[in-house]
Amino acid sequence: MDVITALLLIATGRAAKTAGARPVGSGAVAGSIFGLLAGWPAFLAHITRAEMLQRLPGRSLPPDAVRMANSPAAHAAAWLTTIVVGVVAGIILGFLGGLLSKQPSSELDV
């Protein structure tokens, strides 16, 4: 899924440059949309103490670790992180897509 997303962000940068727009801005918008859509399932994830202990072997957990991990603030932080990563990836991959595209020209390329 990440490869498909990367290819779509590169294609967005190429299309933007071909249309005379800014590839970085178009990539950032596409990346933010990706982050918004990909991040909301974080609100549906709930972890138990047993799952936390399994993922963190050999570590002791504070008594309220499960409550903090399942809090709305933690879910919102995970969603915000996904959006920021999407925007940064969109900027980088949109820029690369713009580099892979030719400038629009008014003359026919022969």
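Residues numbered from 1 in each chain as written. Predicted model: local features only at pLDDT ≥ 70, side-chain atom pairs only at ≥ 80, totals over all residues. Heavy atoms only, no water.

### Quick notes on helix α5 (residues 72-99)
Here comes step 1: Across its 28 residues, α5 extends 40 Å between first and last C-alpha, which sits within 8% of the 40 Å expected from 1.5 Å per residue.
Here comes step 2: Among all positions of α5, only His75, Ile83, Gly86, Gly90, Leu93, Gly94, Gly97 and Gly98 are buried. (Helix = DSSP H or I, 4+ residues; strand = E, 2+ residues; numbered from the N terminus. Expected span 1.5 Å × (residues − 1). Buried < 20%, exposed > 50% of the residue type's maximum accessible area, 1.4 Å probe, protein only.)

### Looking at the packing of helix α1 (residues 2-18) against α5
The relative placement of two packed helices is expressed as an angle between their axes plus a distance between the axes.
Here comes step 1: Direction vectors running N to C along α1 and α5 enclose 55°, while the axes themselves pass 7 Å from each other. Accordingly, the angle class assigned to the pair α1 and α5 is oblique. You can see that α1 and α5 cross each other, and the crossing is right-handed. Residues Ala6, Leu9, Ile10, Gly13, Arg14 and Lys17 of α1 pack against Ala89, Gly90, Leu93, Gly94, Gly97 and Gly98 of α5.
Here comes step 2: Taken together, the residues of the contact of α1 with α5 break down into five nonpolar, five polar and two charged. (Axes fitted to C-alpha atoms, helices over the stretch in contact; angles between N-to-C directions. Parallel < 35°, antiparallel > 145°, perpendicular 65-115°, else oblique. Left-handed = near helix turned anticlockwise from the far one by under 90°. Contact = heavy atoms within 4.5 Å. Nonpolar A, V, L, I, M, F, W, Y, C, P; charged D, E, K, R; others polar.)

### Quick look at the environment of Met52
Here comes step 1: Relative to the helices and strands, Met52 resides in helix α3 (residues 49-55).
Here comes step 2: A sequence separation of 19 residues divides Met52 from Ser71, and the C-alpha atoms of the two residues are 15 Å apart.
Here comes step 3: Ignoring anything within four residues of it in the chain, the contact list for Met52 reads Ile47, Leu61, Ala65, Val66 and Ala69.

### Description of the nonpolar core
Here comes step 1: One finds Ile47, Met52, Leu61, Ala65 and Val66 forming the largest nonpolar core, which totals five residues.
Here comes step 2: In this structure, Val66 is in contact with Ile47, Thr48, Arg49 and Met52, ignoring residues within four places of it in sequence. (Core = buried A, V, L, I, M, F, W, Y, C linked by side-chain atoms within 4.5 Å.)

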